[in-house]
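Secondary and tertiary structure notes
Next come the chains, spelled out residue by residue.
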Amino acid sequence: QVLLVESGGGLVQSGGSLRLSCVASGNIFSMVTVGWSRQAPGKQREFVASISNGGVSTYADSVKGRFTISKNNANMICDLQMNALKPEDTAVYYCWYRIGDGESYWGQGTQVTVSS
């Protein structure tokens, strides 16, 4: 099983930016869908963005136009650039990958806090 490690979380003011990174322990990003989800306190985990093995990106409506997902297959990195952050973006952000329609594998998460 390939492991995922997230980094880049932190505290930022409303309107600010953060860039999250997800590094895989194996070279899989060219073969799987990789993405980000988040979980705010007291809420269910929700989808944020994903990018397919072919490079097609999908976004939740709540982040469209503000967040950009990208990946570098050779370096085994998937980034989430987050701009115009809002307090409601505060959550633990998790990187994941999925092979086809199979099971998803998750990282440990990184905390993002947006102050008003």
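Our subject in this report is the structure included herewith.

**Things to note about the state of the cysteines**
Linking two cysteines covalently via their sulfur atoms produces the bond known as a disulfide. Taken as a whole and judged by the stated rule, the model has one disulfide. Through a disulfide, C22 is tied to C95; the S-S separation comes to 2.1 Å. Judged by the torsion about the S-S bond (-80°), the C22/C95 disulfide is left-handed. Highlighted residues: C22 in strand 3 (residues 18–24) and C95 in strand 9 (residues 91–98), separated in sequence by 73 residues. Note on C78: no disulfide assigned, nearest cysteine sulfur contributed by C95 at a separation of 5.4 Å. The exposure class assigned to C78 is buried, which follows from its relative accessible area of 0%.

**Let's talk about the packing of aromatic side chains**
Within the structure shown, the criterion is met by three aromatic pairs. Their ring planes at 20° and their centres at 5.1 Å tell us that Y97 and Y105 sit as a pair that is stacked. The rings of Y94, W96 and W106 are connected pair by pair, giving a single aromatic cluster. Lying across the ring of Y94, R45 places its NZ or CZ 3.8 Å from the centre. The ring of W106 has R45 sitting right over it, with the charged end atom 4.4 Å from the ring centre.

Conventions we followed
Residues numbered from 1 in each chain as written. Predicted model: local features only at pLDDT ≥ 70, side-chain atom pairs only at ≥ 80, totals over all residues. Heavy atoms only, no water. Disulfide = S-S within 2.5 Å. Helix = DSSP H or I, 4+ residues; strand = E, 2+ residues; numbered from the N terminus. Buried < 20%, exposed > 50% of the residue type's maximum accessible area, 1.4 Å probe, protein only. Phe/Tyr/Trp six-rings, centres within 6.5 Å; stacked < 30°, edge-to-face > 60°. Lys NZ or Arg CZ within 6 Å of the ring centre and 35° of its normal.

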